[in-house]
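Each chain, letter by letter, is given below.
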Amino acid sequence: MRFSRINIKSFWPAIVWLGLSTIAFCLPGKALPDEDWFGVIQLDKWIHIGLFSVMIALWCLPFLGSRSPEHVANLLIYISVAWLGYGVVMEFVQHYFIPNRSFDIGDIAADAIGCLVGFLFVKKQQQLSYFVKKVCLYGPESTGKSSMASRMAEIYHTEFVPEVAREMVSTNDFTLDDIIRVGNAQTTRVLEKSMEANKILFCDSDLITTQIYSLHYLKEIPPVLFELEKQIRYDLYFLFDIDTPWVEDGLRDLGNRREEMFMVFRNELERRGIAYVLVKGNWNERERIVKNEIDKLLS
């Protein structure tokens, strides 16, 4: 199974923190404070807890926007265990190679507590993103989905995900590799925005839409699009009807096939057993339909 790509730049804070922590662990004993209060309040143990809790958070958080919840749960465990192992190794390094430093089982215990704190923090962030309600605004071209997504995000003080394909392709002459990149980018954006959203996230388009256009224009659907589809579960689908004026924007070219494409979109939902709310009428009527259903979802 392929997953969304991770932005390597998101690990720079973790790398810098690792470097600073390693420098701190390798300082000679004479470079550390030796006042009595330092030992009384166990400041060195609190430092270990802080270092390792931040370490776990910085190395784990980038994965939340690029992996399925099950995969992330396993990664959190592996990363936490790995960094606890790093703490044990550093104790041996201090004992054998750093002047006036020694092996301290209390430091290892503090490292373990720090790893646990970091683990629980990241786990909480994962749960918060998982419980964000995800709403898909779905349907053929020129039916008002993009405007509605932006409008609903404004009303409910939250985030929305645009149709990422429009940011990545400028014509309808694209390849299978292009459509795979679009699928990965759309999935990544939804996962990332789930971390920022306030209770609900509005998504203009989904991976079913990407599959439909891939089949229409390329006569083929890359299997990875079906795998990416499984990564996002939407709590509510709005199917936008075609009873709106056609607006040409340079990319839309299916105006004379709107009824056919509407049936394709609807059939893909029904084939999957996905319930949906039909959105039709003028703009005010459409907004009222969407708001009523959203209020029910959030109640």
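Reference entry: report on the structure contained in this document. Here the residue numbering is sequential within each chain, running from 1 through the sequence in written order. Residue-level local features of this predicted model are given only where pLDDT is at least 70; pairs of side-chain atoms are given and counted only at 80 or more, and the full residue set underlies all totals for whole chains, interfaces and linings. Working from all heavy atoms in the structure, the side-chain values ignore hydrogens and water.

## What to know about the overall build of the protein chain
Each helix and strand in the protein chain was counted, giving twelve helices and five strands. Relative accessible area decides the class of each residue, using a 1.4 Å probe on protein chains only: under 20% of the type maximum gives buried, over 50% gives exposed, and in between gives partly exposed. Here the protein chain holds 299 residues, and the buried ones make up 44% of them. The contact rule is simple, with two residues in contact once any of their heavy atoms fall within 4.5 Å. Summarising the internal contacts of the protein chain: among those between residues at least 6 apart in sequence, 81% fall at separations of at least 24. Here the Shrake-Rupley method, with its probe set to 1.4 Å, supplies the accessible areas, and only the displayed protein chains count as covering residues. If you sum the accessible surface of the protein chain, you get close to 15,600 Å²; carbon and sulfur atoms cover 60% of it. The secondary structure listing takes helices from DSSP runs of H or I that are at least 4 residues long and strands from runs of E that are at least 2 residues long, numbered from the N terminus.

## Description of the pattern of salt bridges
When a carboxyl oxygen of Asp or Glu is within 4 Å of a side-chain nitrogen of Lys or Arg, the pair counts as a salt bridge. Evaluation of the coordinates by the stated rule reveals 19 salt bridges. Between E260 and R257 there is a salt bridge, with its nearest N and O atoms 2.6 Å apart. For E260, a relative accessible area of 40% puts it in the partly exposed group. Among the ionic pairs, R272 bridges to E268, the shortest N-O distance being 2.6 Å. Of this pair, R272 and E268 both sit in helix α11 (residues 258-272), four residues apart, which is roughly one turn of the helix.

## Some thoughts on the nonpolar core
The criterion is simple. A nonpolar core is a set of buried Ala, Val, Leu, Ile, Met, Phe, Trp, Tyr and Cys residues joined through side-chain atoms within 4.5 Å. Among the nonpolar cores identified, the biggest contains 22 residues, and Y138, V190, L201, Y234, Y237 and F265 are the most heavily contacted of them. Among the elements of the structure, β1 (133-138), α8 (176-196), β3 (200-204), α9 (207-218), β4 (236-240) and α11 are those that each provide at least two residues to this core. It is α11 that provides the largest number of residues to this core, a total of four residues. Listed in part, the 21 residues of the second largest apolar core include A14, F25, W59 and I79.

## Remarks on a nonpolar patch on the surface
Each patch is built from residues that are more than 30% exposed by relative accessible area and take part in no salt bridge. Like charges join if they lie within 9 Å; nonpolar side chains (Val, Leu, Ile, Met, Phe, Trp, Tyr) join within 5 Å. On the surface, W12, I15, V16, L20, I23 and L27 cluster together to form a nonpolar patch covering roughly 570 Å² of accessible area. Residue position: L27 is located in the loop between α1 (12-25) and α2 (36-40). Relative accessible area serves as the criterion here: at 33%, L27 is assigned to the partly exposed category.

## A closer look at the sheet that holds β4
The criterion for strand pairing is that DSSP finds at least two bridges linking the strands in question. The parallel open sheet is built from five strands, whose spatial order is β2-β3-β1-β4-β5. Only two strands of the sheet have a single neighbouring strand rather than two, namely β2 (159-161) and β5 (277-279). Mean inter-strand twist for the sheet, computed between neighbouring axes without regard to direction, equals 25°. Pairing geometry for β4 and β5, over three bridges, is parallel. Each residue of the ladder has a partner; that of F238, found in β5, is V277. α11 contacts β1, β4 and β5 of the sheet and is inclined by roughly 160° relative to β4. Helix axes are fitted to C-alpha atoms over the stretch in contact, other axes to C-alpha atoms as well, and angles between N-to-C directions run from 0 to 180 degrees.

## What about the side chain of K45?
With respect to the helices and strands, K45 occurs in helix α3 (residues 43-60). Ignoring any residue separated from it by four or fewer positions in sequence, one finds K45 in contact with D104, G106, D107 and A110.

## Thoughts on the packing of aromatic side chains
Here is the rule: rings of Phe, Tyr and Trp (six-membered ring for Trp) pair when centre to centre is within 6.5 Å. Planes less than 30 degrees apart are stacked, more than 60 are edge-to-face, and the remainder are tilted. Tallying each qualifying case throughout the model produces 15 aromatic pairs. Pairing F52 with Y86 gives two aromatic rings, centres 6.1 Å apart and planes at 45°, and the pair type is tilted. Highlighted residues: F52 in helix α3 and Y86 in helix α4 (residues 69-97), separated in sequence by 34 residues. Overall, F52 belongs to the buried group, its relative accessible area being 1%. Taken together, a centroid distance of 6.0 Å and an interplanar angle of 40° make the contact between Y156 and F202 tilted. In this pair, Y156 is assigned in the loop between α6 (145-155) and β2 and F202 in strand β3, connecting sequence segments 46 residues apart.

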